Amino acid sequence: MKYYFAPVQGHTDAAYRHFHAAHYGHTAESDRPIVYTTPFIRLEKGELRKKDFKDATSELNAANEVVPQVIFKNGEELHGLVELLKSEGFGRIDINMGCPFPLQTSRGRGAATIANEECRRAVKEVVESNPEIDFSVKMRLGFAEEEYKPLIETLNNLKLNHISVHPRTAKDQYSGNLHPEAFSEIYRMSSNPIVYNGEIKTPSEAKEIIEKYPDLAGIMIGRGALARPSIFAEILSGEEWSEERRRKEMMAFHRRLFSYYRDNLIGGDHQVLSKIQPFWEYSEEEIGRKAWKAIKKASNMSKYQTALALI
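Counting starts from 1 at the beginning of each chain's written sequence and moves along it residue by residue. Owing to the predicted nature of the model, reporting of local features is limited to residues with pLDDT of at least 70; listing and counting of side-chain atom pairs is limited to 80 or more, with chain, interface and lining totals taken over all residues. Calculation of side-chain values draws on the structure's entire complement of heavy atoms; hydrogens and water are dropped beforehand.

Draft legend 1. Broad picture of the nonpolar core. Within the largest apolar cluster, 86 residues are counted, with the highest numbers of intra-cluster contacts made by Leu-78, Ile-95, Val-123, Met-139, Leu-216, Trp-280 and Tyr-304. Only heavy atoms enter the contact rule, under which two residues are in contact if any of them lie within 4.5 Å. Ignoring sequence-local partners within four residues, the contact set of Trp-280 consists of Met-250, Met-251, His-254, Ile-287, Trp-292, Ile-295, Tyr-304, Leu-308 and Ile-311. Within this scheme, the nonpolar core is defined by two criteria: the residues are buried Ala, Val, Leu, Ile, Met, Phe, Trp, Tyr or Cys, and they are joined through side-chain atoms within 4.5 Å. Relative accessibility thresholds used throughout: buried, under 20% of the residue-type maximum; exposed, over 50%; partly exposed, between the two (1.4 Å probe, protein chains only). If you look at the next biggest cluster of nonpolar residues, it comprises six residues, including Ala-6, Val-35, Val-67 and Met-220.

In structure tokens:
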């Protein structure tokens, strides 16, 4: 069983991943099977975006298992991204076929690739032509639930590290109902290992999924881990932490990340504040609405520190 911290654009950058792992004990030297995936990497004018490239190759990744994720709209982009990452020495690549955001799907990327025969063929070609790369695929159900079936049939002819499945359609975004019956069908259909992704917010919810699908290869958590950064440590220890302990550890993790941004960003308090405020975006239930609203509204560092004192 592996545990995957799903990438969330604008949140899980190299610094966040590094200090999360350092604080909660998920390092390469430990026996805790946590895998971090980078926010998706895409091409701009035939080259990796500098921001994506910097994050994927950051020295902060060195102590942990970090897998670059690519997003594409056609075979040319996918092959180009894989070749660029290969040239940088990456031996593992995750292929994003699940991003639901209209900014990406309207351009044929993410979940829009599921129903695209050319894109399915491109995935097959790139995996078969690069046997030295350990590939995985992150997917949704498509725009309509039935769209996933041809993709699973294609992927069944490939040897993948795993397929992570978020059982929603792209139109569902993150607020629509989950479709457990579709996930169960993919779980039965797939010849590749399956990782469950979607709406896991507590250790008990993770346990329920694992018990329901005993042959799962892993659990993937994104927004739930941003809201409750201790969730992987709790799952692995078999102990659900008290609210007091979770808050205390979350504040300690925050201090480490805040100190890094303060010492390394050159734009002063404004830039530090813009980087650290998203830390709390999903944590309203953990820290309380009063503190959460005050943090969100803080317009300068003094107000931010005052808001933190409310936690």
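Draft legend 2. Up close: unusual backbone geometry. A positive phi angle, close to 55°, is found at Gln-173, a residue other than glycine. Along the chain, Gln-173 turns up in the loop between strand S9 (163–165) and helix H7 (180–189). The partly exposed category is assigned to Gln-173, whose relative accessible area is 24%. Despite not being glycine, Glu-199 shows a phi value in the positive range, around 60°. Under the DSSP-based scheme used, a helix requires at least four consecutive residues in state H or I and a strand at least two consecutive residues in state E, with every element numbered from the N terminus. Positionally, Glu-199 belongs in the loop between strand S10 (194–197) and helix H8 (203–212).

Draft legend 3. Quick look at the packing of helix H3 (residues 75–87) against helix H5 (residues 117–128). Packing of H3 against H5 brings their axes to within 9 Å, and their N-to-C directions diverge by 25°. Here H3 is positioned roughly parallel relative to H5, judged by the angle of their axes. The crossing of H3 and H5 is right-handed. For the pair formed by H3 and H5, the contact residues are Gly-75, Leu-78, His-79 and Val-82 on the first element and Glu-118, Ala-122, Val-123, Glu-125 and Val-126 on the second. Lines fitted to C-alpha atoms define the axes here, with helix axes fitted over just the stretch in contact, and angles between the N-to-C directions of these axes take values from 0 to 180 degrees. When describing relative orientation, an angle under 35 degrees is termed roughly parallel and one over 145 degrees roughly antiparallel, while 65 to 115 degrees is termed roughly perpendicular and anything else oblique. Crossing handedness is defined as follows: a turn of the near helix away from the far one that is anticlockwise and smaller than a right angle gives a left-handed crossing, while the clockwise case is right-handed.

Draft legend 4. How the structure looks around the packing of aromatic side chains. Stacked, tilted and edge-to-face are the three classes assigned to paired rings of Phe, Tyr and Trp, where Trp is represented by its six-membered ring and a pair needs centres within 6.5 Å; plane angles under 30 degrees give stacked, over 60 edge-to-face, the rest tilted. Scanning all chains against the criterion turns up 17 aromatic pairs. When the ring of Phe-279 is compared with that of Trp-280, the centres are 4.7 Å apart and the planes differ by 70°; the resulting orientation is edge-to-face. Residue classification places Phe-279 among the buried residues on the basis of a relative accessible area of 5%. One aromatic cluster is present, built from ring pairs that chain together Phe-5, Tyr-16, Tyr-24, Tyr-36, Phe-232, Trp-241, Phe-253, Phe-279 and Trp-280. Cation placement over rings: the criterion is NZ of Lys or CZ of Arg within 6 Å of the ring centroid and within 35° of the ring normal. A cation over an aromatic ring shows up here: Arg-140 above the ring of Tyr-174, its NZ or CZ 4.8 Å from the ring centre. Above the face of the Trp-241 ring, Arg-245 is positioned so that its terminal group lies 3.8 Å from the ring centre.

Draft legend 5. Focus on the state of the cysteines. Cysteine sulfur atoms that pair up within 2.5 Å are treated as a disulfide. Summed over the entire model, instances satisfying the criterion amount to zero disulfides. Considering cysteine sulfurs only, Cys-99 is the nearest to Cys-119, which forms no disulfide, with 14 Å between them.

Draft legend 6. How the structure looks around the pattern of salt bridges. The term salt bridge refers to a side-chain nitrogen of Lys or Arg lying within 4 Å of a carboxyl oxygen of Asp or Glu. Scanning the entire structure with this criterion turns up 23 salt bridges. With its nearest N and O atoms 2.9 Å apart, the salt bridge here joins Asp-13 to Lys-275. Taken together, the residues span a long stretch of sequence, with Asp-13 in the loop between strand S1 (2–5) and helix H1 (14–24) and Lys-275 in helix H12 (residues 268–276) at a distance of 262 residues. The salt bridge partner of Arg-228 is Glu-234, with a shortest N-O separation of 2.7 Å. Judged on exposure class, the residue Arg-228 and its partner Glu-234 are both buried. Overlapping salt bridges bring together Lys-2, Glu-65, Arg-92 and Asp-134 as one network.

Draft legend 7. Broad picture of the environment of Ser-184. Here Ser-184 shows up in helix H7. On the basis of relative accessible area, Ser-184 is assigned to the buried category, the value being 16%. In this structure, the C-alpha to C-alpha distance between Ser-184 and Lys-212, residues 28 residues apart in sequence, is 9.7 Å. Definition of a polar contact: a pair of N or O atoms within 3.5 Å, with one able to donate and the other able to accept a hydrogen when the atoms are protein atoms, and with sequence-neighbouring residues admitted only if both atoms are side-chain atoms. Within the structure, Ser-184 has its side chain in polar contact with the side chain of Tyr-213 (distance 2.9 Å).

Draft legend 8. Seen up close, the side chain of Arg-49. Looking at the secondary structure, you find Arg-49 in the loop between strand S4 (47–48) and helix H2 (50–56). Accessibility expressed as a relative area gives 15% for Arg-49, which makes it buried. At a separation of 2.9 Å, a polar atom in the side chain of Arg-49 contacts the side chain of Asp-52. If near-sequence neighbours (up to four positions away) are discounted, Arg-49 is found in contact with Gln-9, Arg-42 and Glu-44.

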